[in-house]
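# Structure assessment
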Amino acid sequence: MVYSAGSGDLTLSPESKASLLPRNRHTLSQSDRVQSFTSISFHLSPDPREWGLNLYNDCKEPDDDLHNPNVRDHNTWGPDRGLANIGCLLVLGIGLITLFAGYPIITYFTGTALSNQGGFNLGGINASGQIPQIPGNLGLIDTQTPSNVFTKPSWNGGPDLQLVFSDEFNTPGRTFWPGDDPYWEAANLHYWQTNNLEWYDPEAVTTQDGYLVITLSQKETHNLNYQGGENKFCFTGGYIEASVSLPGVNNIVGLWPAIWTLGNLGRAGYGASLEGMWPYTYDACDVGTAPNQTFNGLPLAATQGGDPTEGGVLSFLPGQRLSRCTCKGESHPGPMHSDGTFVGRAAPEIDVFEAQITGDPLTGQVSQSAQWAPFNAGYIWLNTSSNEIIPNPSATVLNTYIGGVEQQATSGVTTTNQGCYEGETGCFSVYGFEYITWIANNEVAWTLNVAGMGPDPNVNISARPIPQEPMYIIMNLGMSTNFGTVDLAHLPFPVHMRVDYIRVYQPSNARNIGCDPKDFPTADYINTYIEAYTNPNLTTWRNDYNQPFPKNSFLDQC
């Protein structure tokens with residue numbers, strides 16, 4: 001039976017009819033029966049080769065070696081092919097190891113350390129940890145600083161100074177809330193330490209017409225009647241200068257504009273961070289590190305002849321928290337001296353200026369000073385002619401205020417350019433200091449030589465060095481009766497302090513910008529006690545923050 005091509009009908013040939021008849025199965029051999037069956041039933045040749053198919057072992061196809069390689073084929077595979085396979089595996093293995101193990105190691109040893117760019121954290125971000133945004137300019141030197149001021153001669157006769165930081169404040173509308181700016185952050189607090197009448201608010205600080213503008217206005221906020229502003233930037237050594245137009249007019253008292261610097265281990269307005277830190281600058285282990293600058297009632301000079309408003313007591317300071325006397329194993333940011341003692345650390349203060357109006361007739365002046373602890377007997381430092389240098393006594397005199405139970409001050413008072421107030425001609429004067437010569441009206445006002453703060457055997461203290469701490473810059477405008485009379489009835493609110501620029505210079509071989517230098521580290525210590533540096537409601541280290549002072553070897557506490 002067969003199917004005709006292209007049809008589904010059965011047709012029988014005569015031969016096939018015969019094949020349907022019964023046969024004697026013994027009349028045909030086995031091969032005959034197979035041949036007869038295949039040939040009669042399917043019309044196919046019994047040899048598959050005639051079908052056009054190669055189904056025998058002696059017919060070699062192109063892919064046979066992949067499925068059934070023989071012994072002779074093995075010789076054609078190696079050794080080149082085997083080596084290629086092994087080599088490929090080795091390359092893949094080495095690549096994976098390099099990616100996940102080698103790359104981190106290579107990066108660790110060859111990578112460049114991240115810089116804080118003079119700001120408060122890595123990459124130039126500020127203390128809030130947020131990334132700054134200033135359109136078009138994130139460098140240490142403002143692109144709009146004139147090139148002819150990149151180098152300055154030293155005011156002290158030293159080597160020429162190179163510009164290392166500048167801010168020209170030419171970009172309008174800058175804001176200074178936490179995270180807004182890489183180098184400056186406006187405070188949002190009441191500066192209770194000096195009984196200020198205003199609340200510092202970031203809204204009061206901006207840039208306008210090419211100036212940083214800090215505004216003090218008569219405005220009720222946070223249960224106070226006035227709103228003012230404060231800003232902050234770190235450098236160690238060199239020269240800082242600012243071009244400033246002072247607020248108000250030159251004959252109405254009460255405003256307290258200032259530009260000043262503070263050691264980075266203390267935060268202005270955050271009392272807990274300052275207890276036992278401000279205004280120390282001391283690296284000796286003696287009674288100068290002790291509370292009230294006495295031990296067992298001695299020396300007597302520290303108990304009499306001091307502050308007349310406090311019964312003659314010299315000091316109410318709690319003692320230097322991070323002193324050279326700190327016992328081993330106590331919390332201290334370091335570094336260490338070669339003898340195994342800690343370097344004395346603190347938060348000293350040097351002021352570019354604090355402006356005041358005083359005298360008869362009333363005249364605009366600036367007080368330019370440094371604060372110190374521990375104190376000389378009677379707050380009288382060694383102000384000999386070689387230690388206190390005033391080139392123009394008709395313009396500058398020593399301040400009559402020399403200290404009290406909270407600080408010792410070395411201060412010169414200089415008459416300002418009377419036109420450089422916003423209510424007068426609005427001109428700008430240049431103020432600054434180069435460790436430690438003060439500049440007013442772009443001239444040398446006075447110089448304090450370090451020998452003036454040498455040892456004082458009367459109170460058994462050692463020398464107080466010129467601050468070596470990284471110092472950050474603060475600009476503020478406020479009011480306080482602690483600083484003098486405040487004539488609220490006549491002050492022309494709102495008033496503005498305008499800063500044209502801030503520039504910092506250092507010798508080319510002594511560049512030291514940043515808040516966490518290797519030889520005077522601060523970051524780890526601040527991060528360990530971060531709440532003291534971020535919560536202004538913690539006014540004391542021991543009582544509010546509940547942290548102990550490190551044990552002191554001079555006080556037999558080790």
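These figures come from a predicted structure and were not determined experimentally.

## Remarks on the pairing of strand 19 (residues 437-440)
Put simply, side chains in a regular strand alternate between the two faces of the sheet. Neither face of strand 19 is open: one carries Thr437 and Ile439, the other Trp438 and Ala440, and all of them are buried. Inspection of the sheet shows strand 18 (residues 429-434) paired to strand 19 by three bridges, in the antiparallel sense. Opposite glycine 432, over in strand 19, you have isoleucine 439 as the bridge partner. The sheet contact formed by strand 19 and strand 20 (residues 443-448) spans four bridges and is antiparallel. Bridged to alanine 440 within strand 20 is glutamate 443. The antiparallel hairpin formed by strand 19 and strand 20 contains two residues in its connecting segment, where asparagine 441 sits at a positive phi of about 55 degrees.

## Some points on the pairing of strand 20
With two bridges joining them, strand 14 (residues 388-389) and strand 20 adopt antiparallel strand pairing. Of the residues in strand 20, the one forming a bridge with isoleucine 389 is threonine 447.

## Digging into helix 5 (residues 80-110)
Owing to its 3.6 residues per turn, the α-helix aligns residues three or four sequence positions apart on the same side. Taking 1.5 Å of rise per residue, the 31 residues of helix 5 would be expected to cover 45 Å, yet its terminal C-alpha atoms sit only 38 Å apart, more than 12% below that figure. Of all the bends found along helix 5, the most pronounced is centred on glycine 102 and spans about 50 degrees, while proline 104, a proline, follows it within four residues. Among the 31 residues that make up helix 5, one are buried, leaving the element largely open to the surroundings.

## Brief notes about the confidence of the model for the chain
Confidence along the chain averages 84 in pLDDT terms, with 79% of residues attaining 70 or more. Scored below 50 in pLDDT, residues 120-136 makes 48 contacts in the model with residues more than four places away or belonging to other chains.

About the criteria used
Along each chain, the written sequence defines residue order, and numbers are assigned to residues from 1. For a predicted model such as this one, the threshold for reporting local features is a pLDDT of at least 70, and the threshold for listing and counting side-chain atom pairs is 80 or more; totals across whole chains, interfaces and linings nevertheless cover every residue. To get the side-chain values, take all heavy atoms of the structure and skip hydrogens and water. In this scheme, a residue with accessible area under 20% of its type's maximum is buried, one over 50% is exposed, and one in between is partly exposed, where area comes from a 1.4 Å probe on protein chains only. Only DSSP runs of H or I reaching four residues or more are called helices, and only runs of E reaching two or more are called strands; each is numbered from the N terminus. Should DSSP find at least two bridges between two strands, the strands are taken to pair. Under the convention used throughout, the expected extent of a helix is 1.5 Å for every residue step, that is, one less than its residue count. The angle between axes fitted to the seven residues ending at a residue and the seven residues starting there is what we call the bend at that residue. Per-residue confidence from the predictor is given as pLDDT, running between 0 and 100. Any two residues having at least one pair of non-hydrogen atoms within 4.5 Å are treated as being in contact.

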